[in-house]
Amino acid sequence: MAWPTTSKVPVPELPPQAVPQQPVGLPQQPEETPWSRYQPHTAVPLAQASTPSFRPGRSTDFDTRGRRETSMPARFARHIPCHLEDAVREMLPDRRSAHPKCRPDGTVDGLYVDCTFGRGGHTKHILSQLSSSGRLIAFDVDPEAVAVAKELEREDPRFRIAHRPFSELREELSTLGNPPPQIDGLLVDLGVSSPQLDDRHRGFGVTAEDAELDLRMNQQVGIPAWQWLLEATTEELAWVIREYGEDGDPLMADRIAQIVVSHVALRKSSSRGPIKTCRDLGELVKVAKQNYDERGMHPAKLTFQALRMFLNQEMQQMDALLHAACESLVDKGKCVVITFKKKECDAVVKFVREHEEPQLGRGDCSKERFLELYPLMGKDTPFCVSMARNPIKPKLEDIQDNPRTRSAVVHVLEKRRRMLPKISLEDVVPRPVQDRYKRPAFVPTFAGADINGNSKSRAPLRADEWLPSESSPSGRGRREMCSPEARLLPQMCAQDQCRSRPSAHRSPDQHQLRPPFHLHNLSQLKRALHLHSPDQPARLPGCPVGFRPQLVVDRR
């Protein structure tokens with residue numbers, strides 16, 4: 001398949017690329033390794049590094065904390081895509097199966113889509129797996145990322161970059177033909193890319209002192225974050241922070257919004273100007289959260305995340321992409337989504353639940369209840385979606401190579417043809433979601449009481465019976481046991497005939513006593529104590545004639 005061009009000249013099919021050989025007669029250049037540029041003995045000693053001030057129960061000062069300057073290899077400084085091997089492997093057809101798109105040489109045919117080009121990490125790895133007839137389309141809205149993709153587009157005719165949001169997948173495919181072609185696999189890496197985070201002038205960093213508070217993926221469209229804060233109300237800002245940032249703490253979202261909006265209004269009336277830098281907003285959020293974050297992050301990180309997701313409409317873009325992708329995929333095609341936040345994971349799972357086909361029949365469920373459990377059965381959608389496998393989480397070596405992948409999760413969605421027909425909606429109205437859940441009217445009793453619920457049946461304990469005794473040397477009181485028989489424990493008398501023979505390696509003073517008898521239960525102790533009078537000593541098994549057991553009271 002060739003891309004449409006303005007000159008109507010088809011792009012020729014590329015032969016398999018050969019590995020360039022070293023010219024004969026020239027000296028072999030040593031291969032550069034990640035540690036080839038490493039210079040030893042150049043790291044700053046730990047004693048010279050500044051140590052951050054730490055308050056117990058509070059996070060550290062993220063602006064002035066000490067950083068060790070070391071000469072690191074280039075492998076740790078470059079960007080490493082998250083789940084590079086796992087995501088691409090799950091998106092492409094299985095080479096071990098007899099898939100018609102797989103070639104004997106290990107490459108695959110077909111049309112594939114990378115929804116987030118970034119700096120081309122996943123894109124280049126996909127191109128290395130495609131055959132000469134394979135094609136790849138990438139999306140991105142960042143002008144800097146598009147400039148890098150244009151260079152790759154000139155180098156490889158199999159690749160094409162689209163400078164538009166990935167939610168416009170249908171519009172981009174319609175430019176390739178009528179009807180639009182179907183795609184064999186799709187990959188989307190949500191969130192912000194590492195080059196955008198590392199560039200302090202893009203405004204994505206929390207502690208960038210001189211950076212403008214922008215937070216836009218495409219700085220040529222829309223307004224920056226600092227300008228939106230000038231017009232936002234307290235309720236609007238609180239909704240944004242609660243919806244996309246502090247989703248688990250709505251009270252904190254309201255506090256942050258109140259402080260930020262009040263400070264914006266105060267600076268607007270003065271000559272200081274608006275809150276325009278990332279440092280200014282970060283300091284206000286730190287005041288609202290008292291410089292504390294339970295995750296160990298910068299206190300303003302979730303607020304910056306919420307503003308970024310709102311300005312770039314990330315959740316709306318993802319919802320539109322999932323619907324367009326499943327419509328454009330071929331049967332049994334894979335849609336791989338890499339998420340970083342719980343809200344993104346919940347959105348992916350919600351989409352699958354709404355387009356999931358039941359594995360069994362209706363059973364005893366009514367038609368209304370069946371539509372409530374499986375919303376797909378009430379739609380005309382010709383396909384269904386299911387999870388192809390369990391989510392893939394990063395391994396320890398992945399986190400060590402790239403710490404930003406610690407929260408990345410790979411979701412693999414598979415599209416299939418629908419098998420069950422649609423259920424007619426004649427006189428069938430499913431209940432609203434809020435009406436399907438009801439708090440139980442009867443709550444079982446839960447208390448620290450007896451089985452009958454009467455906590456007064458037990459006699460109260462005396463203070464001298466249960467509390468520690470002050471005269472105890474260890475500070476722990478010892479109370480007597482309840483049963484008088486249990487308080488009587490036998491103590492062996494030191495009889496000469498009960499001593500064991502002296503061993504060769506022990507002195508006569510170190511000889512141990514062998515118990516003359518064993519009491520297996522409490523009934524034997526009762527018979528030994530009460531069936532014989534003190535004048536007539538008890539005859540216990542294994543004890544010599546005339547042996548009198550002595551009883552002591554153990555008050556432990």
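Thresholds, definitions, all that
- Residues numbered from 1 in each chain as written.
- Predicted model: local features only at pLDDT ≥ 70, side-chain atom pairs only at ≥ 80, totals over all residues.
- Heavy atoms only, no water.
- UniProt positions renumbered as here; feature names shortened; annotations may be inferred.
- Helix = DSSP H or I, 4+ residues; strand = E, 2+ residues; numbered from the N terminus.
- Buried < 20%, exposed > 50% of the residue type's maximum accessible area, 1.4 Å probe, protein only.
- Contact = heavy atoms within 4.5 Å.
- Areas by Shrake-Rupley, 256 points an atom, 1.4 Å probe, with all protein chains shown as cover.
- Pairing = 2+ DSSP bridges.
- Axes fitted to C-alpha atoms, helices over the stretch in contact; angles between N-to-C directions.
- Salt bridge = Lys/Arg side-chain N within 4 Å of Asp/Glu carboxyl O.

The UniProt entry for the protein carries the following text under Sequence similarities (unreviewed entry): "Belongs to the methyltransferase superfamily. RsmH family."

1. Some details on the overall build of the protein
The secondary structure content of the protein amounts to 17 helices and 9 strands. The buried share among the 556 residues of the protein stands at 37%. The long-range share in the protein, meaning contacts at least 24 apart out of those at least 6 apart in sequence, stands at 67%. When the accessible surface of the protein is summed, it comes to about 35,300 Å², and 52% of that surface belongs to carbon and sulfur atoms.

2. Points about the sheet that holds strand S6 (residues 383–387)
Two strands in a sheet stick together by hydrogen bonds in their backbones, pointing the same way (parallel) or opposite ways (antiparallel). Taken in spatial order, the 7 strands of this open sheet run S3-S2-S1-S4-S5-S7-S6, and their pairing is mixed. Each end of this open sheet is capped by a strand with a single partner; those strands are strand S3 (159–162) and S6. Put simply, the sheet's adjacent strands are angled 20° from each other on average, direction ignored. Sheet analysis places strand S4 (residues 183–189) next to strand S5 (residues 329–339), joined by 6 bridges and oriented parallel. By the bridge assignment, Val188 is partnered in S5 with Val337.

3. Details of unusual backbone geometry
In this chain, Asn178 is followed by Pro179 through a cis amide linkage whose omega measures 5°. As for its placement among the helices and strands, Pro179 is situated in the loop between helix H5 (169–174) and S4. Its identity is not glycine, yet Leu215 carries a phi of approximately 65°, on the positive side. Structurally, Leu215 can be placed in the loop between helix H6 (194–198) and helix H7 (225–231). Owing to a relative accessible area of 1%, Leu215 belongs among the buried residues under this scheme. Of note, Gln290 is a non-glycine position whose phi angle comes to about 55°, a positive value. By the element assignment, Gln290 lies in the loop between helix H10 (278–288) and helix H11 (301–311).

4. Observations concerning the pattern of salt bridges
Counted according to the given criterion, the structure contains 31 salt bridges. Linking Lys289 and Asp293 is a salt bridge whose minimum nitrogen-to-oxygen distance equals 3.0 Å. Judged on exposure class, the residue Lys289 and its partner Asp293 are both buried. Among the salt bridges present, the one from Arg369 reaches Glu372, with a minimum N-O distance of 3.0 Å. Taken as a pair, Arg369 and Glu372 lie in helix H14 (residues 367–373) at a separation of 3 residues, close to a single helical turn. The exposure class assigned to Glu372 is buried, which follows from its relative accessible area of 7%. Each of Asp86, Arg89, Glu90, Arg389, Lys395 and Asp398 takes part in salt bridges that share partners, so that together they form one network.

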